[in-house]
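Here is how the chains run, residue by residue.
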Amino acid sequence: MTTIRRFCCNDLLRFASVNLDHLTETFNMSFYMTYLARWPDYFHVAEGPGNNIMGYIMGKVEGQGESWHGHVTAVTVASEYRRQQLAKKLMRLLEDISDKMEKAYFVDLFVRASNMPAIKMYEKLGYVIYRRVLRYYSGEEDGLDMRKALSRDVDKKSIIPLKRPITPDELEYD
């Protein structure tokens, strides 16, 4: 039986094994604590039998006006728990919070351009490639900014793809 619940401070000492995947971005402890303090509704963990952490999602809400959106900072599932649709459930949770609670226009995320399994999963969940960010990951690998329009974006303006790639310094941050 899997339980999805809010991430708590104690989980910071228990989730390292989930981050062992080479495609998972890892951060320092203060980064996780900031997300936990500022956006607790956007930080959830999937926990299995024996209180094993199976995966987690971490995100935030940001932007202004029609750029008000939910952002997936990290979503990952431990290799032994993949193919059980946990990532899909975690993504849907973040999308629902963004849509119903925060009244966001869209949800976005960044993914390595080489991570085809993740890209395909996001496309199945309704995400489109909005733009390519050149050398986004450590100044070496391109990232794809993928977006999914939410109910507030009736005309789906937020997902109209840009025609040219951008560089990291062209990204808007809040």
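Conventions adopted
- Residues numbered from 1 in each chain as written.
- Predicted model: local features only at pLDDT ≥ 70, side-chain atom pairs only at ≥ 80, totals over all residues.
- Heavy atoms only, no water.
- UniProt positions renumbered as here; feature names shortened; annotations may be inferred.
- Helix = DSSP H or I, 4+ residues; strand = E, 2+ residues; numbered from the N terminus.
- Core = buried A, V, L, I, M, F, W, Y, C linked by side-chain atoms within 4.5 Å.
- Buried < 20%, exposed > 50% of the residue type's maximum accessible area, 1.4 Å probe, protein only.
- Contact = heavy atoms within 4.5 Å.
- Salt bridge = Lys/Arg side-chain N within 4 Å of Asp/Glu carboxyl O.
- Expected span 1.5 Å × (residues − 1).
- Phe/Tyr/Trp six-rings, centres within 6.5 Å; stacked < 30°, edge-to-face > 60°.
- Lys NZ or Arg CZ within 6 Å of the ring centre and 35° of its normal.

- Per an unreviewed UniProt entry, the chain goes by the name N-alpha-acetyltransferase 20 and belongs to Canna indica.
- Annotation of the chain in UniProt includes, under Sequence similarities (unreviewed entry), the sentence "Belongs to the acetyltransferase family. ARD1 subfamily."

1. Focus: the UniProt feature "domain: N-acetyltransferase" (unreviewed entry) in the chain
- Within this numbering scheme, the UniProt entry marks residues 2–151 as carrying the feature "domain: N-acetyltransferase" (unreviewed entry).
- Its end C-alpha atoms 29 Å apart, residues 2–151 is made of 23% helix and 36% strand.

2. Examining the nonpolar core
- Membership of the largest hydrophobic core comes to 43 residues, with the highest contact counts inside it found for Tyr56, Met91 and Tyr122.
- Mapped onto this core, the elements with two or more residues apiece are α1 (29–38), β2 (43–47), β3 (53–62), β4 (69–77), α2 (86–101), β5 (106–112), α3 (116–124) and β7 (141–149).
- When neighbours within four sequence positions are excluded, Tyr122 is seen to be in contact with Val75, Met91, Leu109, Val111, Tyr127 and Met146.
- Counting five residues, the second-largest nonpolar core is a separate cluster that includes Phe110, Tyr137, Ile166 and Leu171.

3. Points about the environment of Tyr130
- Mapping Tyr130 onto the fold places it in strand β6 (residues 128–137).
- For Tyr130, a relative accessible area of 12% puts it in the buried group.
- Separated by 106 residues in sequence, Tyr130 and Thr24 have C-alpha atoms that sit 21 Å apart.

4. Some remarks on the pattern of salt bridges
- Under the defined criterion, the tally for this structure stands at 14 salt bridges.
- Among the salt bridges present, the one from Asp11 reaches Arg14, with a minimum N-O distance of 2.8 Å.
- Between Lys148 and Glu95 there is a salt bridge, and its shortest N-O distance comes to 3.0 Å. Taken together, the positions of Lys148 in strand β7 and Glu95 in helix α2 put the pair 53 residues apart, joining distant regions of the chain.
- Among the residues examined, Glu95 registers a relative accessible area of 5% and is labelled buried.
- A cluster of three or more residues bridged by salt bridges with shared partners is formed by Arg5, Asp11, Arg14 and Glu47.

5. Observations concerning α2
- For α2, which comprises 16 residues, the first-to-last C-alpha distance of 22 Å matches the rise-based estimate of 22 Å (1.5 Å per residue) to within 8%.
- Listed as buried for α2 are Leu86, Ala87, Leu90, Met91, Leu94, Glu95, Ile97, Ser98 and Asp99.

6. Some details on the packing of aromatic side chains
- On inspection of all chains with the given rule, the structure shows 13 aromatic pairs.
- Centroid distance Phe27 to Phe31: 4.3 Å. Interplanar angle 20 degrees. Geometry classified as stacked.
- Among the residues examined, Phe27 registers a relative accessible area of 28% and is labelled partly exposed.
- Residue Phe31 is classed as partly exposed on the basis of its relative accessible area of 28%.
- Ring centres 6.1 Å apart and planes at 65 degrees place the aromatic pair Tyr122 and Tyr127 in the edge-to-face group. Neither residue differs from the other here; Tyr122 and Tyr127 are each classed as buried.
- Put simply, the rings of Phe7, Phe15, Phe27, Phe31, Tyr32, Tyr35, Trp39, Phe43 and Tyr56 touch in pairs and so form one group of aromatic residues.
- One residue, Arg147, lies across the ring of Tyr130, its end atom 3.6 Å from the ring centre.

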